[in-house]
Amino acid sequence: MVVVEVLGPVQVRRDDGTVVRPPGLQALLLSMLVVDEDQIVTTDRLIDVMWGAAPDDRAAHRRQSHIHRLRRTLDTGATIEAGGGGYRLSLEGEAVDAVRFEKLLAEARRTAEIGDHDQVVTLCRNALSLWRGAPFETIETTRLAGASRRLHDLRSSTRELLLASELARGNHETVAREIEPLVREHPLRERLHELLVTALSLSGQHADALEACERARTWLLDELGVEPGPRLRELHRMVLAEEAILVDPGPSVPKPSRQVPAQLPVCPRVFVGRTDVLRELDEGRSRAVDPVRIFCLTGGAGTGKTALAVSWGHAVTGDFPDGQLYIELRGFGPDEPRDPTEALPGLLTALGVPTAEIPDGEHERSALFRSAMSGRRMLVVLDNAKDADHVRPLLPGTSESVTVVTSRSQLTGLVVQEGAHRLPLGPLSPEETQQLIADLGLPLDDSQADSLAAVCSRLPLALRIAAERMRSGGAQELDALLASPQDVPPDAGARLDVLDVGEDRASVRGVFSWSYRHLDHDSAWIFRCFGISPSAELSLGPLSALAHLDERATRRGVETLRRAHLVEPVSRGRYRLHDLLRVYAIELSENHDPESARQRAFARLCDHYLERAALAMVVRMPHQTDHPSIQDLAGRAKATGADVDVRSAITWLTTERENLVLTSEEAARRGGHTFSTDLSEIIWRDLYHDEAHVLAERLHGAALRSARHVDDASGEGTAHRRLAITAVNRARLDEAQHHAARALELHATADALKEIAADRDTLGALSFYRCRPADAGAHFESSAHAHEELADPRGGCAMANAGLVHQRMGRLDDALFWLGKALDYSRQHHQTSDKCSACASLSLVHGERGELETSLRCAERAIALAQDIAAADLEGFARAEMGKTSWLSGETATGQHLLDQALDVAERLVIEDLASEAQFGLGEIALDRGDIHRAVGLFTAALDVSDQYWYELAQAHRGLARTFDALGSVNEATEAWRRAAEIYTAVDHPDAEALRRRAAGGPAP
């Protein structure tokens, strides 16, 4: 039986004791399946979590590839079943360490109730021994935050139960020593303070016990603004009075009577649409194993969040036999938000807790609420929450109940920390809008209904208000509504106008103004700067540039906005506005700030992004960003005090990519800006991977529009070339051909010789992908000659590509000529990455010629060069070549190790051709050793990732054919030979005839 271990770095422990740690995306995939064990995880959800972008044409293929590799990792001890639109993981018994941990904790709690403290200690220590670090360590995704937080809380509870039992056994001094570091690590867990004070007092350390009481009170007041709870206050009194303290096995909980509250408001008379959200709620309701069942209905004013929550609640009352709780929190409105401390007594009373037993403090009331909810199956609706902190004291502590929170805030904190499921609501769809208009009984024809939908921006509240106005005002009111302006840009406050009915209490604009009017000058300006930015989410640096304030002043202003609930923090130093607040900020800026001031602010933002992007790219890829203009921009960023290392450069680029592209699109829309073309030149290599292809397409599209606007034919051609490269990476070859041909045409018109040579490179790569190696070679050689005539440093890359085409076609002498030329040229022009590529390819060619020592020397040189410039991808290819040559030289173990390293790089960086090459090499070793079944698996895996690469695909088929020959599987071998022959025939490869003869039953080539 395999065991999946998630209480630390994710790993798989097999029957034979070996431990396998799946690489990045496989570990994330396994974790997602473990959290929803025996439940279907949809393919859409997996793709969203694993890649976080709109799926391209190869997303499904990459997902299947990772599933295949994960099945191989799990071996026979678990099954991953496909079906129902997703995948389900099934494991045997307690095959997840987290499940084993929870069962041990549950047994320890039952044992504690009968007073067997020796056994409790044993069970708790066994449970804690399963932990190796933080849950799902090294995996970064908010989708696992809820499960991780829950496991952390259970670990803390286990420690507290262990220490209480050790105290009951009389080990007072041992507990005092063990608990001190835990108190420092978790200073807000009152139970730890109680146990520490008890241990110190019972071991005779009364002065230390008093100090521990005071320290606990200080922490709780400073961090939570609350006094210690009743038990800690009682311990303080007893220590002062030197009274005997008895060990408290755990906090007492009043036993409430089992009332069945039914607090939902009246169900709306008319409710339509929201089918997808209702389905999500229904699935969450039935998913009892989900560690967190909190659903956040978020959206702007008037989107129908409360109506949806109440309608759904009434529809599913039968699924909650212990009743429904409802509370209006007044998070947004003319009145002060409802304090959770004041709200909790009503909830507790509804649960049957006597008023006299309700404690005073919020912390204690919240703990009592969670205890009273334990074991109940209820629906809790927390309506109109201000933010995440507003609802946290009101959340049940177990997953038996379902909580629905509605808010105009994004409630990012609940999603990130509690693992809540955010279900955003926007305007109704056109079909839903028509249905609501009909159900409201409005006698409108289709044209009038369409006009009303546009006036109301398809917002349910606005449509209901319009219906009431028509019923009371008749035809005159209808004419007035339908005469309202409809074609209003989405950033000009049209939605706010729809929701303004002349009363502040019913006006979104009025609600926002209550917070805005109390801001100081700088904070108000910073808020309006959010309306100038094309992005709703900004870090302090870009926001400082917009506002023309230093970062310290900007931070003070943003903190003021945060306290006024006009922005919400996303992460450290990064903030966002939800949609309606952003519309309000745009409207304020347009009405308050001169257009010249808005233009200057946007120009400052563009300058900031260019300088920081240049610095990040120079640090990350110094060998590919040596252009003087990029170096100059990076120098300006350094002059302002910016200083980054490789890790922080990657983090900055990852965080800001979306904003960079949004800003480039806005600059293109404004016209007259070179920002889009400049940014495309700086960061295009950073977008050269699967997860960023959509962003690359948007960025280069913006650059294309900008170049057209200023009649820059060369810039337009460069944008087309980068769009061609992006299309190739997305397997859209016809689209790539169009862009590449257009690039060449435009650069020829502009007589841009260097760019023409670069276009030939792109056409060469495209021809190779399209199984036209002859055309590819011609393009690469033409490009190489042009680069050489221009003394362009980029020539070495074209020469290496020409050599690689010759190698793929079996012309090894020609390959050596071009690769040697590439190496010499790259040395002459100090292009380390091109030298590395040439050396790796030379290793491949010398290996195929049987010149193994020379091959090894070339591979070693390629690895050293790749390490010099921190090019992990190039190092992976070099290790693959060195691995194959080592095996051919008789060093099988070394060869396998190097190929395994190459495969790790390929899977971490999602380099499919490298993955295929490494798996093919490992398959060759397995076949040579007689491990036939492993060879089949490896060659099949190589096939799975090779569908875009004809050479690798043919190679994998040949490997399978030879393996099936060894197995005596004639039909399978013939089919594999036939497929390889088809590919070689299509590209007119010299070996095609030999493969065709073998497929027809002839001798193996």
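Keep in mind that this is a model prediction, so the values were computed, not measured.

Rules of the game
- Residues numbered from 1 in each chain as written.
- Predicted model: local features only at pLDDT ≥ 70, side-chain atom pairs only at ≥ 80, totals over all residues.
- Heavy atoms only, no water.
- Helix = DSSP H or I, 4+ residues; strand = E, 2+ residues; numbered from the N terminus.
- Buried < 20%, exposed > 50% of the residue type's maximum accessible area, 1.4 Å probe, protein only.
- Contact = heavy atoms within 4.5 Å.
- Areas by Shrake-Rupley, 256 points an atom, 1.4 Å probe, with all protein chains shown as cover.
- pLDDT = per-residue confidence, 0-100.
- Pairing = 2+ DSSP bridges.
- Axes fitted to C-alpha atoms, helices over the stretch in contact; angles between N-to-C directions.
- Core = buried A, V, L, I, M, F, W, Y, C linked by side-chain atoms within 4.5 Å.

### Remarks on the overall build of the chain
- The secondary structure content of the chain amounts to 45 helices and 14 strands.
- Buried residues in the chain amount to 54% of all 1005 residues.
- Of the contacts formed within the chain by residues at least 6 apart in sequence, a portion of 65% connects residues at least 24 apart.
- Surface accessibility of the chain: about 42900 Å² in total, with carbon and sulfur atoms responsible for 48%.

### Some details on the confidence of the model for the chain
- Averaged over all residues, the pLDDT of the chain equals 83, while 87% of them reach at least 70.
- Across the chain, the secondary-structure element scoring lowest on mean pLDDT is helix H20 (residues 494–498), at 52, and the one scoring highest is helix H36 (residues 812–828), at 96.
- Across residues 251–258 the pLDDT falls below 50, and counting only partners more than four positions away or on other chains, this stretch makes 17 contacts in the model.
- Contacts from residues 484–492, a stretch scored under 50 in pLDDT, to residues over four places away or in other chains number ten contacts.

### Re the sheet that holds strand S12 (residues 537–539)
- Strand order across the open sheet formed by three strands is S12-S14-S13, with antiparallel pairing between neighbours. Both edges of this open sheet fall to S12 and strand S13 (568–571), since each of them pairs with a single strand only. Strand-to-strand twist across the sheet, computed as the mean angle between neighbouring axes with direction ignored, equals 35°.
- With three bridges joining them, S13 and strand S14 (residues 574–576) adopt antiparallel strand pairing. Looking at S14, one finds that Glu568 is bridged to Arg576.

### Focus: the environment of Pro261
- Looking at where Pro261 falls in the secondary structure, it is placed in the loop between helix H10 (230–240) and helix H11 (275–286).
- Overall, Pro261 belongs to the buried group, its relative accessible area being 9%.
- Separated by 90 residues in sequence, Pro261 and Leu351 have C-alpha atoms that sit 7.2 Å apart.
- Residues contacting Pro261, with those up to four places away along its chain left out, are Asp322, Gly323, Gln324, Leu325, Ala350 and Met378.

### Description of the nonpolar core
- Leu914, Trp950 and Leu960 are the most contacted members of the largest nonpolar core, which totals 78 residues.
- Counting residues in hydrophobic clusters, the runner-up holds 58 residues, among them Ala524, Tyr575, Leu653 and Val661.

### Here's the deal with unusual backbone geometry
- The backbone phi angle of Arg274 is positive, close to 60°, even though this residue is not glycine.
- In this fold, Arg274 is placed in the loop between H10 and H11.
- For Arg274, a relative accessible area of 9% gives the class buried.
- One non-glycine residue, Asp988, lies in positive phi territory at about 60°.
- Tracing the chain through its elements places Asp988 in the loop between helix H44 (970–986) and helix H45 (992–999).

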